[in-house]
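Structural overview
What follows is each chain in one-letter form.
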Amino acid sequence: AAYTFRFSQNFDPRQIVVQATAEVKDGTVKTVEETDTTFAAGFKWSPTDKISVGGVYKKGPTFTAPLFYADSASAFKFSNVAETSFHIPDIAGLGVSVRPTTSLTVNVDVVRVTYSNLVDDFVSAVADVRDLQDPFKSEDVLEIRLGAEYLFPVKVPFLLRAGFWRDPKHSIEWNGPLNRPDFI
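Each value, and the rule that gives it
Going along each chain's sequence as written, the residues are numbered from 1 onward. Only residues with pLDDT of at least 70 get local features here, since the model is predicted, and only at 80 or more are side-chain atom pairs given and counted; chain-wide, interface and lining totals rely on the full set of residues. Water and hydrogen atoms play no part in the side-chain values, which are based on all heavy atoms of the structure. A run of H or I in DSSP becomes a helix once it reaches four residues, and a run of E becomes a strand once it reaches two; helices and strands are each numbered from the N terminus. For a compact globule the rule gives 2.2 Å times the number of residues to the power 0.38, and the radius of gyration it is set against comes from C-alpha atoms. Three labels apply to residues, based on accessible area from a 1.4 Å probe with only protein chains included: buried if under 20% of the type maximum, exposed if over 50%, partly exposed otherwise in between. As used here, the term nonpolar core means buried Ala, Val, Leu, Ile, Met, Phe, Trp, Tyr and Cys residues forming a set that is joined through side-chain atoms within 4.5 Å. Throughout, a contact is declared for two residues whenever any of their heavy atoms are within 4.5 Å. The patches described consist of residues with a relative accessible area above 30% and no salt bridge, like charges being joined within 9 Å and nonpolar side chains (Val, Leu, Ile, Met, Phe, Trp, Tyr) within 5 Å. Areas reported as accessible are Shrake-Rupley estimates using a 1.4 Å probe. Residue values count occlusion only from the protein chains shown. A carboxyl oxygen of Asp or Glu within 4 Å of a side-chain nitrogen of Lys or Arg is what we treat as a salt bridge. If DSSP finds at least two bridges between two strands, the strands pair. Only the contacting stretch of a helix is used when fitting its axis, a line to C-alpha atoms as for every element, and angles between N-to-C directions run 0 to 180 degrees. Under this definition, polar contacts are N or O atom pairs within 3.5 Å; protein pairs additionally need one hydrogen-donor-capable and one acceptor-capable atom, and for neighbouring residues in sequence, both atoms have to be side-chain atoms.

Of the regular secondary structure elements, the protein holds one helix and 16 strands. Over its C-alpha trace the protein gives a radius of gyration of 24 Å, far above what one expects of a compact globule, namely 16 Å for 184 residues. When its C-alpha atoms are laid out on the principal axes, the protein stretches across 70 × 40 × 30 Å. Taken across its 184 residues, the protein has 26% of its residues classed as buried.

If you want it as structure tokens, here you go:
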């Protein structure tokens, strides 16, 4: 659940906004369990004993996550103000593994993550912002991973693994006008 608390200049509570997999009962937000059925598919092809190629696609689940609002005028009794959903990003990847020796394996993967799914049905708690076209954005990214594994062929086999992962920026950003402080 995501909670936003707003206070007056005297630190008196003004508003509470909650976005969660929940429902309102008697003016109180009660979390509920959400499930979704998704799928994943992958393949591995080894044209030789030294080279293999693989790929995967994972469909991210989507959960209903309504937006609830309460303020001092409602005696902090919550009401549902918007029906929204939360879509976990889909992932598609492709990788190649090469085994130059019987002890060494090197792998490189490229994975596309659709972080734009995070704002598919994003609703702001600020009413004026809801009228804007796509006020928030999140860019899809390519994550690049490189790794190696070395097998020490001793009586009790021992493996040493190391890797590198490029983690590009993937946050939700404001895409609306910058000259409206009341939108914040």
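So, next bit.
Once that is clear, we can look at the nonpolar core. Residues I16, V18, A20, A22, V29, F68, A70 and F78 constitute the largest nonpolar core, which totals eight residues. Only β2 (13-19) and β8 (67-71) provide two or more residues apiece to this core. Leaving out residues up to four positions away in the same chain, V18 has contacts with A2, Y3, V29, P66, L67, F68 and F78. Listed in part, the five residues of the second largest apolar core include V111, Y115, L118 and V141.

Let us now look at the environment of A162. With respect to the helices and strands, A162 occurs in strand β15 (residues 158-166). Along the primary structure A162 and Q133 are separated by 29 residues, whereas in three dimensions their C-alpha atoms are 44 Å apart. Contacts of A162, omitting those with residues within four sequence positions, involve L146, G147 and A148.

Another point: a nonpolar patch on the surface. On the surface, I51, V96, V98, V106, V108, V110, L142, I144, L146 and F164 cluster together to form a nonpolar patch covering roughly 760 Å² of accessible area. Those elements that place two or more of their residues in the nonpolar patch are β11 (91-98), β12 (104-113) and β14 (141-152). Topologically, V106 is positioned in strand β12. Residue V106 is classed as partly exposed on the basis of its relative accessible area of 32%.

The side chains of a regular strand alternate between both faces of the sheet. The pairing of strand β1 (residues 2-7) with β2 spans six bridges and is antiparallel. Residue pairing in the sheet places F5 in a bridge with I16 of β2. In this antiparallel pair of consecutive strands, β1 and β2, the connection spans five residues, and F11 shows a positive phi of 65 degrees.

Our focus in this paragraph is the sheet that holds β1. Spatially, four strands are ordered β1-β2-β8-β9 in an open sheet, and the strand pairing comes out antiparallel. In the strand order of this sheet, the two ends are held by β1 and β9 (79-82), each with one partner. With strand direction ignored, the average angle separating the axes of adjacent strands in the sheet is 25 degrees. Note: β2 against β8, five bridges, orientation antiparallel.

We now examine the environment of F5. You can see F5 is positioned in strand β1. Put simply, F5 and T28 are 23 residues apart on the chain and 15 Å apart in space, counted from C-alpha to C-alpha. For F5, the contacting residues outside a window of four places in its chain are Q15 and I16.

By the secondary structure assignment, Q19 is in strand β2. Engagement of the side chain of Q19 in a polar contact is seen with the backbone oxygen of A65, the distance being 3.2 Å. In terms of polar contacts, Q19 uses its side chain to reach the side chain of T84, at 2.7 Å. The residues touching Q19, leaving out its near neighbours within four places in the chain, are A1, A2, A65, P66, L67 and T84.

Before going further, it helps to examine the sheet that holds strand β6 (residues 51-58). An order of β5-β6-β11-β12-β14-β15 is seen for the six strands of this open sheet, with the pairing classed as antiparallel. Edge strands, defined here as strands with exactly one partner in the open sheet, are β5 (40-45) and β15. Across the sheet, the mean angle from the axis of one strand to that of its neighbour is 15 degrees, orientation sign disregarded. Of the strand pairs in this sheet, β5 and β6 are connected by six bridges, and their pairing is antiparallel. Among the inter-strand pairings, F43 is bridged to a residue of β6, identified as G55.

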